[in-house]
Amino acid sequence: MIIAAMNEGTIETRVAITPVAVKHYLELGFEVSCEHNAGKAAGFSDEDYQHAGASIIKDSKVLLQKTNVLLCVNEPAPDELKGLQPETMLVSHIDADPGSDLILWCLKHRITVFSMNNIPRISRAQSMDSLSSQANLAGYRAVLAGVNHFNRVIPMMMTAAGMIQPAKILILGAGVAGLQAIATAKRLGAVVYAFDVRTAAKEQVESLGAQFIAVSEGQDAETASGYAKEVTDEYRQLQAQLIDKYAQLADIVICTALIPGKKAPVLVKAATVDKMKPGSVIVDLATARGGNCELSEPEQLIKHQQITLIGYSNMARLVPTTASELYANNLVHLLRLFTITPTKISFNEEDEIIRQSLLCHDGQYMPLHLVKEK
Ligand code: NAD
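Keep in mind the model is a prediction, meaning the values are calculated, not measured.

## Quick word on the sheet that holds strand 15 (residues 307-310)
Move 1: Read across the sheet, 7 strands follow the order 11-10-9-12-13-15-14 without closing on themselves; strand pairing throughout is mixed. With partners counted over all chains shown, the strands left at the sheet margins are strand 11 (211-212) and strand 14 (301-304), one partner each.
Move 2: In this sheet, strand 13 (residues 281-284) lies alongside strand 12 (residues 252-255) in parallel orientation, the contact comprising 4 bridges. By the bridge assignment for strand 13, Val-253 is matched with Ile-282.

Next up, the structure:
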């Protein structure tokens with residue numbers, strides 16, 4: 001049984017299999033193949049993979065024809081998968097959209113698809129939760145990006161030449177990325193404020209030493225699964241006023257707010273940006289879903305008057321070695337759920353993690369079965 005990773009091109013810097021992961025897959029009974037230069041941008045050479053026991057394949061078509069399990073970071077286009085044999089497994093971050101070109105192609109070619117986006121957030125699956133492993137790094141890197149484009153220092157300093165006041169950093173959304181952003185900003189010595197619509201976030205924010213800012217007591221927009229839901233128009237107005245006030249105090253604003261399956265909430269209006277202090281920086285991690293700031297542009301760094309707006313949606317890519325190590329570990333943990341023999345890979349479809357993350361199998365779109373069962 002062969003497990004493989006592709007070279008995912010010029011924009012993606014991460015890789016789905018690291019040399020350490022190669023060793024785990026060999027122990028599980030796989031042979032491992034990597035496309036030439038698959039890990040180069042993440043700092044892993046072909047020689048590193050070969051030393052770990054993997055083979056390097058130059059021609060991606062040959063790699064696809066031979067592999068039984070293909071691991072990717074991003075959702076591949078159907079064109080990139082030509083050559084995969086029926087029954088091959090594809091594991092990646094894939095949208096659960098039954099009408100997407102990729103899903104239709106995989107159903108037609110009887111490819112078994114697992115999506116890392118759908119790993120359930122239960123304790124047993126924490127080691128496989130790549131949305132969290134990558135969001136955590138994104139939160140950290142977003143603060144560093146903001147600080148790098150800020151013309152002042154962050155911590156308070158008492159120097160002979162004068163006293164320096166600490167910078168103020170406002171974090172919007174206190175989920176996985178936001179909490180790591182708070183922790184990073186605190187370590188740098190900033191005064192940190194954070195806002196979230198889930199009241200459960202208050203205790204977590206305060207335990208990191210930041211101040212939780214709230215619209216009003218007793219309002220909570222948390223769903224049973226722990227995510228945020230959309231808020232009322234009245235709440236949205238109060239939220240805009242609160243953020244307007246704190247954004248004017250802040251030197252750096254880090255936006256991480258998302259609502260699963262929906263457009264990102266607009267939290268920083270253009271009029272608020274206009275009132276911010278010259279030299280302030282906004283880092284918007286939500287641009288792939290429309291952005292939390294009205295003025296940020298996806299994947300661009302722009303200036304609005306004297307405010308810098310950074311709209312890079314995938315900050316984990318800027319720490320590709322660590323991000324690949326964590327993602328590769330997430331995948332190894334998922335693959336440990338499978339039974340691997342020299343001729344077959346099987347899995348227990350009753351397992352909660354398999355049930356939630358399995359999108360296509362035997363030419364069928366599996367989430368439809370979950371809906372029918374409900
Ligand atoms: P996410 O990426 O969907 O959203 C990020 C944050 O944005 C969330 O905290 C959300 O409440 C917030 N948000 C949404 N709308 C907002 C608005 N209008 N204003 C301000 N903030 C807004 O969520 P996430 O970071 O993936 O995690 C969500 C929750 O799930 C957290 O409580 C997290 O601790 C929890 N979680 C649990 C597990 C587990 O148990 N295995 C794993 C990961 C995350």
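## A closer look at helix 4 (residues 101-108)
Move 1: Among the residues making up helix 4, those that are buried are Leu-102, Ile-103, Trp-105, Cys-106 and Leu-107.
Move 2: In this structure, the buried residues of helix 4 make contact with strand 5 (89-92), strand 6 (112-115), strand 18 (358-361) and strand 19 (364-365).

## What to know about the site of the ligand
Move 1: Residues in contact with the ligand amount to 22 residues; listed here are only the nearest, Arg-121, Ser-132, Val-176, Asp-196 and Arg-198.
Move 2: Between Val-176 and the ligand, the recorded distance is 2.7 Å, taken from a backbone N or O atom to an oxygen atom.
Move 3: Between the ligand and the protein, one listed contact pairs an oxygen atom with a side-chain N or O atom of Asp-196 at 2.7 Å.
Move 4: Burial of the ligand by the protein amounts to 84% of the accessible area it has alone, namely 840 Å².
Move 5: Partitioning the shell around the ligand into residue classes produces 11 nonpolar, 7 polar and 4 charged.

## Focus on the nonpolar core
Move 1: With 42 residues, the main nonpolar core has Ile-17, Tyr-25, Phe-30, Val-69, Leu-71 and Phe-338 as its most contacted residues.
Move 2: Contributing elements (two or more residues each) for this core: strand 1 (2-5), helix 1 (19-28), strand 2 (31-35), helix 2 (46-52), strand 4 (69-71), strand 5, helix 10 (320-335) and helix 11 (352-357).
Move 3: Residue contributions to this core peak at 6 residues, all from helix 10.
Move 4: If we ignore the near neighbours within four places in the chain, the residues touching Phe-338 are Met-89, Phe-114, Ile-345, Ser-346, Phe-347 and Ile-354.
Move 5: Membership of the second largest hydrophobic core comes to 30 residues, among which are Ala-167, Ala-194, Ala-201 and Val-283.

## Quick word on the sheet that holds strand 4
Picture the strands of a sheet paired through backbone hydrogen bonds; they go either parallel or antiparallel.
Move 1: With mixed pairing, the 8 strands of this open sheet are ordered in space as 3-2-1-4-5-6-18-19. The open sheet is flanked by strand 3 (55-57) and strand 19, the only strands paired with a single partner.
Move 2: Pairing of strand 1 with strand 4 involves 3 bridges; the strand directions are parallel. Bridge assignment links Ala-5 to a residue of strand 4, and that residue is Leu-71.
Move 3: Across the sheet, helix 4 lies against strand 5, strand 6, strand 18 and strand 19, angled at about 40° from strand 18, the strand it touches most.

## What to know about the environment of Ser-60
Move 1: Relative to the helices and strands, Ser-60 resides in helix 3 (residues 60-66).
Move 2: Of the residues examined, Ser-60 reaches a relative accessible area of 28% and is grouped as partly exposed.

## Description of a nonpolar patch on the surface
Move 1: Taken together, the side chains of Met-156, Met-158 and Met-163 present a nonpolar region at the surface, about 360 Å² in accessible area.
Move 2: Along the chain, the position of Met-163 falls in strand 8 (residues 162-164).

## What about the pattern of salt bridges?
Move 1: Under the criterion given, the structure shown has 13 salt bridges.
Move 2: Put simply, Asp-129 and Arg-121 hold a salt bridge, and the shortest N to O gap is 3.3 Å.
Move 3: Notably, a salt bridge pairs Glu-206 with Lys-202, separated by 3.2 Å at the nearest N-O pair. Of this pair, Glu-206 and Lys-202 are both found in helix 7 (residues 200-207), 4 residues apart, which corresponds to roughly one turn of the helix.
Move 4: On the basis of relative accessible area, Lys-202 is assigned to the partly exposed category, the value being 34%.
Move 5: Beyond isolated ion pairs, a larger network of salt bridges with shared partners links Glu-12, Arg-14 and Arg-317.

## Describing the environment of Ile-2
Move 1: Residue position: Ile-2 is located in strand 1.
Move 2: Its relative accessible area of 16% is what places Ile-2 among the buried residues.
Move 3: Sequence separation between Ile-2 and Ala-38 is 36 residues, and the spatial gap between their C-alpha atoms is 16 Å.
Move 4: What Ile-2 contacts, discounting residues up to four positions off in sequence, is Phe-30, Glu-31, Ser-33, Lys-66, Thr-67, Asn-68 and Val-69.

## Here's the deal with the pairing of strand 15
Move 1: Of the two faces of strand 15, both are covered, the one formed by Ile-307 and Leu-309 as well as the one formed by Thr-308 and Ile-310.
Move 2: Sheet topology note: the strand 13/strand 15 ladder contains 3 bridges and is parallel. Paired with Ile-282 across the bridge in strand 15 is Leu-309.
Move 3: The pairing of strand 14 with strand 15 spans 4 bridges and is antiparallel. Counted as the bridge partner of Lys-303 is Thr-308 from strand 15.
Move 4: The antiparallel pairing of strand 14 with strand 15 creates a hairpin that spans 2 residues between the two strands, and Gln-305 there sits at a positive phi of about 50°.

Thresholds applied
Residues numbered from 1 in each chain as written. Predicted model: local features only at pLDDT ≥ 70, side-chain atom pairs only at ≥ 80, totals over all residues. Heavy atoms only, no water. Pairing = 2+ DSSP bridges. Helix = DSSP H or I, 4+ residues; strand = E, 2+ residues; numbered from the N terminus. Buried < 20%, exposed > 50% of the residue type's maximum accessible area, 1.4 Å probe, protein only. Contact = heavy atoms within 4.5 Å. Near = heavy atom within 4 Å. Polar contact = N/O pair within 3.5 Å; in protein donor to acceptor, adjacent residues only side chain to side chain. Areas by Shrake-Rupley, 256 points an atom, 1.4 Å probe, with all protein chains shown as cover. Nonpolar A, V, L, I, M, F, W, Y, C, P; charged D, E, K, R; others polar. Core = buried A, V, L, I, M, F, W, Y, C linked by side-chain atoms within 4.5 Å. Axes fitted to C-alpha atoms, helices over the stretch in contact; angles between N-to-C directions. Patch = residues over 30% accessible without salt bridge, like charges linked within 9 Å, V, L, I, M, F, W, Y side chains within 5 Å. Salt bridge = Lys/Arg side-chain N within 4 Å of Asp/Glu carboxyl O.

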